[in-house]
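Chain by chain, the residues:
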Amino acid sequence: MPVPAWVPIVTRIALNLIIRVTVGEEIAGLLQVKDITQEVLKALIGRVETRDRMRQAIREALTAMQREDPAWRDLFSALRDFPLEDLKAGIPVLEAEDWRQKLIQALAKERPDLPEERIAQGVDRFLTHLQQALGRHENFFRPLVLQHLIQIRQSLEEIQKSMGELTDVQKRLLESMKKLLEGGQPPGPVGGIAGVRPRPLDLHGVAFAAGIDERGRLIPVGQIFPKLLGAARTRSLPPIHTVVVAREQANVPPELEQPGSSPWVVRASTLPEALERIAAAAPIRWGALPDYRTELDRHPPLVGREWLWKQIEAFRARAAQPGDRPRYLLLVAGAGWGKSALVAARYRQHPEIALHFLRQGMGNWDDPDQMAQALEAQVRARWGVPLSPEEQLLPPAERLRRALEQAAQRAREAGTVVELWVDGLDEAFGPLGRYADHSPLDWLPRVLPPGVVGFLTSRPGPHLQALRDPRMAEWLSLEEAEWEQAQEADIRAYVEAENARRGLGLDPGFQEKLVEAADGCFLVAVLLLRDPAALDPWRRNPRAIPRGLEGWLRAEWGRITQWAHQQRIEERVVRLGLGLLAAAFAPLSLIDLETLLDQAHERGVTRIRLTALSTIWENLETVLRGAASLLEPELDRDRPMRFFHTRFREFLQEQIEPMEWRALHQALAAGCRGWADLPPGDRARAYALAYRLRHLQAGGQWKELWEAALDLRYLQARMQEGGPEAALALLRDLEEGAAACPDREARNERNDLEALAKLVRRRINRLSAAPGLIGAEIWNEGREALSQNGRARVEGQGFPGPGFRKVFGPPNLTLKGHTGGVNTIAFSPDGRWVASGSDDRTVRLWAVETGRCAWVGEGHTGGVNTIAFSPDGRWVASGSDDRTVRLWAVETGQEAAQLWFDAGVVGLALRGGPGEPLRLAVGTADERWFEYEWVES
């Protein structure tokens with residue numbers, strides 16, 4: 001059967017989307033000049049794995065379309081088994097709209113029976129899903145693209161030297177690529193259909209001391225490395241914490257080849273290999289680096305504020321001086337004043353600062369432990385202060401304090417300061433925050449070391465009382481009379497600039513009326529100018545302009561409810577439909593909400609108090625479109641939504657009765673209960689796993705909360721799919737759930753939640769490193785602390801293999817390859833192999849007859865002390881100073897399991913035979929021993 005003419009277009013679209021997903025819109029656009037991206041695209045499509053991943057992304061997009069509307073199945077069915085080609089002909093780089101039109105025209109010729117509008121709708125949905133699916137493979141594509149871009153950069157530089165002619169576009173391309181490679185700018189939003197964004201690649205403090213040959217391999221570059229290393233050690237250059245060298249580079253000190261060293265020397269054969277190792281080591285070296293681009297991109301360039309920058313710089317200069325003095329500056333103003341825009345502007349000016357946005361409804365951004373870890377990771381990465389194994393065991397607040405002390409010393413040596421910005425303390429500690437009964441100083445250091453300056457923003461309120469000590473913090477109340485005129489002048493400048501930029505045609509008198517109506521609130525000025533059509537009635541009657549933020553909210557709510565009445569939608573349906581979005585703990589798209597409500601329907605959630613759920617579901621899209629002024633971004637069924645400002649979310653909560661609010665959480669909790677019915681990688685599934693416990697707590701469903709917390713299958717999936725912060729988030733949910741359980745009606749549930757929280761806190765570091773251990777940890781170490789019912793519930797699920805189930809516990813062959821002392825060695829039962837463990841933290845398997853190294857087992861973070869083979873020769877176990885035992889498959893070298901202990905492992909033994917389970921005995925440095933039994937899944 002011949003391939004339809006439109007099918008190859010999809011391959012070209014996928015390739016161009018890969019470029020946009022991996023390097024951003026700016027560079028992708030510049031690459032159009034003279035088709036200099038041809039070689040990159042041909043190299044991508046020439047790789048078998050690239051074609052496999054593209055094919056997988058196309059199938060994911062088709063599956064998503066079919067789930068959204070089964071009628072699309074026939075339109076794109078030819079793609080399902082289409083073998084992607086080696087595109088030897090040209091692969092033009094076109095704008096997203098050009099590709100869209102090409103695909104629509106080709107499909108229209110293929111299917112003349114379908115209206116073109118219907119085909120265009122199908123193409124839009126398909127391209128949206130395709131770009132999202134490709135974005136999920138970004139970690140594979142990005143290093144490949146960067147490698148070829150570097151080669152392009154080198155070629156352009158050679159042309160510049162030899163011919164002395166370089167166009168303006170080529171110069172901009174070189175500058176953009178240099179910023180990207182050096183981490184000087186986070187990639188902006190990717191253009192195209194869906195606006196999918198790549199994960200940031202932070203290369204601050206990374207230096208490359210290697211060349212690249214014509215095959216793309218790294219090669220040594222003479223004396224550059226020793227000079228660079230010397231400069232990094234003496235700190236005569238900006239902070240360098242990582243140096244990339246070719247694998248063949250000589251004279252590399254062995255102690256610098258461990259990720260915990262500073263600087264860390266990374267050996268690699270290719271640039272993608274180096275980037276992959278740097279990315280993989282980042283969570284271990286610094287902690288989880290946050291991605292705030294969603295928040296930063298919300299705020300346009302700042303207008304005015306010169307008067308405020310002077311105050312900030314003056315405080316920074318005072319705080320940088322030695323001696324006992326306040327090093328926090330607290331900026332206090334009401335909602336919509338422009339505090340967050342100020343923080344975003346500061347980051348654009350000084351991307352080396354450490355910042356955190358405390359936000360309700362943005363995952364765990366309002367969690368103080370998350371705040372401490374986010375600041376810590378940024379400080380460590382910016383100043384090259386690796387996280388030591390001892391520090392990993394400390395609480396987040398103490399880890400932040402230690403990181404600041406080390407970074408402050410380096411900043412003082414460099415003649416500068418470490419600058420921290422924390423925006424929105426009221427989001428977590430204010431009256432409506434999750435931590436209203438806590439103080440910000442429970443997590444923030446009370447005293448910052450010399451060399452560190454902190455800037456905090458908040459709405460006013462009693463939560464700031466702890467910061468009243470003048471020895472700790474200076475206050476700058478931005479709404480006081482002395483700043484009113486300056487704020488009004490900035491708003492006036494904004495209105496004038498927008499009027500000129502957008503050609504609104506507003507006369508000076510009407511502009512002044514808008515400035516007066518803003519009442520000192522920058523957000524109101526933005527809202528009043530957002531819809532030009534709304535300005536006409538106000539021109540005729542300026543008295544009708546709503547005054548201040550609360551006035552605008554009341555007027556807008558009245559407009560929304562009046563519109564709903566005209567659509568024959570009850571006001572309660574509008575209130576509760578928007579309430580679902582307000583009750584969500586992270587941004588959800590319309591499709592995500594519908595998916596969760598679908599799961600809730602299947603579980604009979606309509607029996608709870610929210611009896612209007614069916615009506616809400618039917619009218620949800622209409623309601624969200626009618627209330628678009630409260631939301632961002634512009635409504636797209638597959639794009640996560642959030643409220644335009646935190647105050648909008650709070651205002652909506654004020655319109656909802658407490659009983660209705662609990663019912664909304666119960667509906668979302670019922671939807672989260674169906675997580676297992678959703679495919680891995682689905683956003684609704686990820687949300688359900690992450691926030692099921694929080695919705696059950698907010699809905700007052702204590703029995704269901706207890707059942708979910710003891711569901712080993714749920715916990716296993718949540719930990720394995722939840723990323724590096726999963727363990728900390730689970731701990732917080734268990735602690736908050738236990739604290740919220742009423743003593744009289746849920747005492748046993750509360751006690752079991754407390755026992756689980758203590759176990760997770762004790763094991764937080766090992767669970768962060770190996771999240772799949774959660775089920776085995778609860779089975780092996782946590783059951784005994786549970787109530788009788790809790791223990792029975794865990795045991796009734798069976799051991800969550802594969803893994804080790806605890807069965808007992810306490811009341812001279814010279815082979816080159818290791819780079820550290822060889823501590824232990826063992827023969828396999830058949831005598832064919834020798835396994836060795838070393839201070840270089842690796843396990844190696846050697847062929848006795850040839851001396852060839854079959855594989856290297858990497859993963860231990862301490863020296864390997866002991867090794868043992870299983871009697872059947874299938875497994876080899878290793879024990880290390882890092883307090884772990886790891887089980888390796890002899891045939892492949894793949895790690896099969898881990899065990900964690902409270903002290904270094906010094907002895908191992910394995911036994912078992914045909915028909916008998918594998919048993920492992922472990923001796924540890926704290927004078928104890930254990931026995932485990934391997935259980936197959």
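Residues numbered from 1 in each chain as written. Predicted model: local features only at pLDDT ≥ 70, side-chain atom pairs only at ≥ 80, totals over all residues. Heavy atoms only, no water.

1. As for the overall build of the protein chain
Then step 1. What the protein chain contains, in helices and strands, is 35 helices and 24 strands.
Then step 2. Of all 937 residues assigned to the protein chain, the portion counted as buried reaches 55%.
Then step 3. For the protein chain, the accessible surface area stands at approximately 41400 Å², while carbon and sulfur atoms represent 49% of it. (Helix = DSSP H or I, 4+ residues; strand = E, 2+ residues; numbered from the N terminus. Buried < 20%, exposed > 50% of the residue type's maximum accessible area, 1.4 Å probe, protein only. Areas by Shrake-Rupley, 256 points an atom, 1.4 Å probe, with all protein chains shown as cover.)

2. A short note on the side chain of Thr 457
Then step 1. Along the chain, Thr 457 turns up in strand 9 (residues 452–458).
Then step 2. The exposure class of Thr 457 is buried, given its relative accessible area of 0%.
Then step 3. Within the structure, the side chain of Thr 457 is placed 3.0 Å from the backbone nitrogen of Gly 424, a separation counted as a polar contact.
Then step 4. When neighbours within four sequence positions are excluded, Thr 457 is seen to be in contact with Leu 331, Lys 339, Val 343, Val 422, Asp 423, Gly 424 and Leu 425. (Polar contact = N/O pair within 3.5 Å; in protein donor to acceptor, adjacent residues only side chain to side chain. Contact = heavy atoms within 4.5 Å.)

3. Topic: the nonpolar core
Then step 1. The biggest cluster of nonpolar side chains holds 113 residues, and the ones touching the most others in it are Leu 549, Leu 578, Leu 624, Leu 630, Phe 648, Tyr 687 and Leu 734.
Then step 2. Here this core gets 8 residues from one element, more than from any other, and that element is helix 23 (residues 571–583).
Then step 3. Ignoring sequence-local partners within four residues, the contact set of Leu 624 consists of Leu 578, Leu 581, Leu 590, Leu 631, Leu 635 and Met 641.
Then step 4. Grouped together as the second largest cluster of nonpolar side chains are 34 residues, Leu 358, Trp 383, Leu 420 and Val 452 included. (Core = buried A, V, L, I, M, F, W, Y, C linked by side-chain atoms within 4.5 Å.)

4. So, unusual backbone geometry
Apart from glycine, the bulk of residues carry a negative phi angle, and the bulk of peptide bonds sit in the trans form.
Then step 1. Here the bond from Gly 801 into Pro 802 is cis, since omega is 0°, no more than 30 degrees from zero.
Then step 2. Secondary-structure assignment places Pro 802 in the loop between helix 35 (788–796) and strand 13 (803–808).
Then step 3. One non-glycine residue, Arg 568, lies in the positive phi region at around 60°.
Then step 4. Looking at where Arg 568 falls in the secondary structure, it is placed in the loop between helix 22 (548–566) and helix 23.
Then step 5. Overall, Arg 568 belongs to the exposed group, its relative accessible area being 80%.

5. A few points about helix 6 (residues 116–135)
Then step 1. Taking 1.5 Å of rise per residue, 20 residues should cover 28 Å, and helix 6 covers 28 Å from first to last C-alpha, within 8% of that figure.
Then step 2. Helix 6 sits mainly inside the fold: 14 of its 20 residues count as buried. (Expected span 1.5 Å × (residues − 1).)

6. Quick word on the pairing of strand 18 (residues 864–869)
Then step 1. With 5 of its 6 residues buried, strand 18 lies for the most part within the structure.
Then step 2. Bridge analysis of strand 18 against strand 19 (residues 875–880) gives 5 bridges, and the strand direction is antiparallel. Paired with Phe 869 across the bridge in strand 19 is Val 876.
Then step 3. Connecting the antiparallel pair strand 18 and strand 19 is a turn made up of 5 residues, with Gly 873 showing a positive phi of about 75°. (Pairing = 2+ DSSP bridges.)

7. Comments concerning the packing of helix 28 (residues 683–698) against helix 29 (residues 702–709)
Then step 1. Packing of helix 28 against helix 29 brings their axes to within 8 Å, and their N-to-C directions diverge by 160°. One finds that helix 28 runs roughly antiparallel with respect to helix 29. Relative to helix 29, the crossing made by helix 28 is left-handed. For the pair formed by helix 28 and helix 29, the contact residues are Arg 692, Leu 693, Leu 696 and Gln 697 on the first element and Trp 702, Glu 704, Leu 705, Ala 708 and Ala 709 on the second.
Then step 2. Of the residues that constitute the contact of helix 28 with helix 29, the class distribution is 6 nonpolar, 1 polar and 2 charged. (Axes fitted to C-alpha atoms, helices over the stretch in contact; angles between N-to-C directions. Parallel < 35°, antiparallel > 145°, perpendicular 65-115°, else oblique. Left-handed = near helix turned anticlockwise from the far one by under 90°. Nonpolar A, V, L, I, M, F, W, Y, C, P; charged D, E, K, R; others polar.)

8. A closer look at the packing of helix 18 (residues 481–502) against helix 19 (residues 508–518)
Then step 1. Across the interface, helix 18 lies against helix 19 with an axial gap of 10 Å and an inter-helix angle of 135°. Here helix 18 is positioned oblique relative to helix 19, judged by the angle of their axes. Of the two elements, helix 18 crosses helix 19, and the hand of that crossing is right-handed. Each of Glu 488, Ile 491, Arg 492, Val 495, Glu 496 and Asn 499 in helix 18 lies in contact with helix 19, whose residues at this interface are Gln 511, Glu 512, Val 515 and Ala 518.
Then step 2. Among the residues forming the contact of helix 18 with helix 19, the class breakdown is 4 nonpolar, 2 polar and 4 charged.

9. A look at the sheet that holds strand 18
Then step 1. Pairing is antiparallel across the open sheet formed by 4 strands, whose spatial order is 18-19-20-21. At either end of the open sheet lies a strand with only one pairing partner, and these are strand 18 and strand 21 (895–900). Put simply, the sheet's adjacent strands are angled 20° from each other on average, direction ignored.
Then step 2. Pairing analysis gives 5 bridges linking strand 20 (residues 884–889) to strand 21, with the strands arranged antiparallel.

10. Description of the side chain of Asp 367
Then step 1. Along the chain, Asp 367 turns up in the loop between strand 7 (354–357) and helix 14 (368–383).
Then step 2. With sequence-adjacent residues up to four places away left out, Asp 367 is seen in contact with Arg 434, Tyr 435 and Arg 732.

11. With respect to the pattern of salt bridges
Then step 1. One pass over the structure, following the stated rule, counts 62 salt bridges.
Then step 2. Arg 318 is paired through a salt bridge with Glu 474; the nearest N and O atoms lie 2.7 Å apart. One end of the pair, Arg 318, is in helix 12 (residues 306–319); the other, Glu 474, is in strand 10 (residues 473–477), and 156 residues separate them in sequence.
Then step 3. Look at Glu 474 and you get partly exposed, because its relative accessible area is 25%.
Then step 4. When salt bridges with common partners are traced through the structure, they connect Arg 763, Arg 766, Glu 777, Glu 781, Lys 806, Asp 902, Asp 926 and Arg 928 into a single cluster. (Salt bridge = Lys/Arg side-chain N within 4 Å of Asp/Glu carboxyl O.)

On their own, these measurements won't tell you what the molecule is for.
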